[in-house]
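# Structural overview
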Amino acid sequence: MEPQLLHSVADGVATVVIHHPAKRNAMTAGMWRALPPLLDALAADPEVRVLVLTGEGDTFCAGADISTLRGSSDEAQGLAVNAEDALAAFPKPTLAAIRGYCVGGGSQLAAACDLRFAQEGAQFGVTPAKLGIVYAASATRRLVSLVGPATAKYLLFSGELIDSERALRTGLVDEVLPEGELGKRVGEFTRVLATRSLLTQASAKEFANGRTDRDAYWAKQARGSDDTAEGVAAFLERRPPRFTWTTPTSTAATTRSSTATTPPSAATTP
């Protein structure tokens, strides 16, 4: 099978799988280009409440497939940054399910997700210093917001790998699961997320990410939504709530002109 991004949607959860096992799921130029339009489509799908990003088999993503990036270094980095920014801007909760290596461009993608769950034994590395690359400002700021300046400098200056225990301790990941338990935990947690108010999640995501110009917008969305009334009624009636607010189509990312090298198809589970 050619390197590609696979995807599936089930029970409100979209799963995107980085599929390039011959090179530890390294991202080709075509895969970098394919990610933003795929995310646009999933953002606009009202059935999607949560997105999981993972890698095929026992590796998350070992970075960029350098052999496919034959243009300038600026062009190659631009592809990665565009994909990372599209993932960070996805208007619904995102979670990276990480096994094995999460290095270079893989670490950029994981950092752009809202949450990161890892299997014990996962290895993390931010490696531009090994290639003489100036790491993108947006990626650097995102890394600093996760782990703080000291750990970000350690990772960026050295390019050294750290294990899942240190990644958890520094805030690079949110949970570490024993071998064989990651898929089960991700499934359980995303099912919980899919039952919660997307209105709450989407507004909280923007506020937590530092956006300061949308207070009035979210107040208007809240006034026009039935989520609060439904949440209160469900609590008083001791039943699960049935939240109905979803991301307005006009606010989802618009479909981009670039296209995937291979159409996405059904994904494996995390």
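Residues numbered from 1 in each chain as written. Predicted model: local features only at pLDDT ≥ 70, side-chain atom pairs only at ≥ 80, totals over all residues. Heavy atoms only, no water.

### Considering the packing of helix α7 (residues 198-208) against helix α8 (residues 215-223)
Note the threshold: For helices, the axis comes from a line fit to the C-alpha atoms of the stretch in contact; other axes are also lines fit to C-alpha atoms, and the angle between any two N-to-C directions lies between 0 and 180 degrees. Helix and strand definitions follow DSSP, with helices as H or I runs of at least four residues and strands as E runs of at least two, each counted in order from the N terminus. To sort the angles, those under 35 degrees are grouped as roughly parallel, those over 145 as roughly antiparallel, those from 65 to 115 as roughly perpendicular, and the leftovers as oblique. Residues count as neighbours in contact if any of their non-hydrogen atoms are within 4.5 Å of one another. Each residue gets one label: Ala, Val, Leu, Ile, Met, Phe, Trp, Tyr, Cys and Pro are nonpolar, Asp, Glu, Lys and Arg are charged, and the others, such as Gly, are polar.
It is at 11 Å that the axes of α7 and α8 come closest, and there the two elements cross at 175°. With respect to α8, the element α7 is oriented roughly antiparallel. Within the contact between the two elements, α7 uses Leu199, Ala202, Ser203, Glu206 and Phe207 and α8 uses Asp215, Trp218, Gln221 and Ala222. Looking at the contact of α7 with α8, its residues break down into 5 nonpolar, 2 polar and 2 charged.

### Things to note about the sheet that holds strand β9 (residues 175-177)
Let me state the cut-off plainly: In this description, strands pair whenever DSSP reports at least two bridges between them.
Ordered in space as β1-β2-β3-β4-β6-β9, the 6 strands form an open sheet in which the pairing is mixed. Here the strands that pair on one side only, and so sit at the sheet edges, are β1 (4-10) and β9. Within this sheet the neighbouring strands show an average axis-to-axis angle of 20°, counted without direction. Here strand β2 (residues 13-19) pairs with strand β3 (residues 50-55) via 6 bridges, running parallel. The residue of β3 that forms the bridge with Ala14 is Leu51. Helix α6 (residues 182-195) rests against β2, β3, β4 (94-98), β6 (115-119) and β9 of the sheet, and its axis sits at about 160° to β6.

### Considerations on the packing of aromatic side chains
Operational definition: Pairing of aromatic rings covers Phe, Tyr and Trp, the last counted by its six-membered ring, and requires centre-to-centre distances within 6.5 Å; plane angles under 30 degrees mean stacked, over 60 mean edge-to-face, and any other angle means tilted. Relative accessibility under 20% of the residue-type maximum defines a buried residue, over 50% an exposed one, and the middle range a partly exposed one, all with a 1.4 Å probe and only protein chains included. Sitting over a ring, as applied to charges here, requires NZ of Lys or CZ of Arg to be within 6 Å of the ring centre and within 35 degrees of the ring normal.
Tallied over the full model, the rule gives 3 aromatic pairs. A centroid spacing of 5.3 Å and a plane angle of 50° characterise the contact between Phe117 and Phe189, whose relative ring orientation is tilted. Placement of the pair is Phe117 in strand β6 and Phe189 in helix α6, with a sequence separation of 72 residues. Note on Phe117: relative accessible area 2%, which makes it buried. Between Tyr217 and Trp218 the ring centres are 4.9 Å apart and the planes differ by 80°, which places this aromatic pair in the edge-to-face class. Exposure remark for Trp218: the relative accessible area of 7% places this residue in the buried category. Three or more aromatic residues joined by ring pairs make a cluster, and in this case those are Tyr217, Trp218 and Trp245. Lying across the ring of Tyr154, Arg166 places its NZ or CZ 4.3 Å from the centre. Directly above the aromatic system of Tyr217 lies the positively charged group of Arg214, at a separation of 3.9 Å from the ring centroid.

### Topic: the confidence of the model for the protein
Heads up, the condition is: Values of pLDDT, ranging from 0 to 100, describe the predictor's confidence in every residue of the model.
Confidence in the prediction of the protein, expressed as mean pLDDT, is 90, and 90% of residues score 70 or more. Scored below 50 in pLDDT, residues 252-266 makes 26 contacts in the model with residues more than four places away or belonging to other chains.

### Topic: unusual backbone geometry
Even without a glycine there, the phi angle at Asp11 is positive, about 55°. Tracing the backbone shows Asp11 in the loop between β1 and β2. Residue Asp11 is classed as exposed on the basis of its relative accessible area of 71%. For Asn25, which is not a glycine, the phi torsion comes out positive at approximately 60°. Within the secondary structure, Asn25 is located in the loop between β2 and α1 (29-44). Taking the relative accessible area as the measure of exposure, Asn25 reaches 1% and is therefore buried.

### Section: the state of the cysteines
For clarity, the cut-off: We call a pair of cysteine sulfur atoms a disulfide when they lie within 2.5 Å.
Under the counting rule described, the total for this entry stands at 0 disulfides. Take Cys102: it sits in no disulfide, and the sulfur closest to it among the cysteines is that of Cys61, at 7.4 Å.

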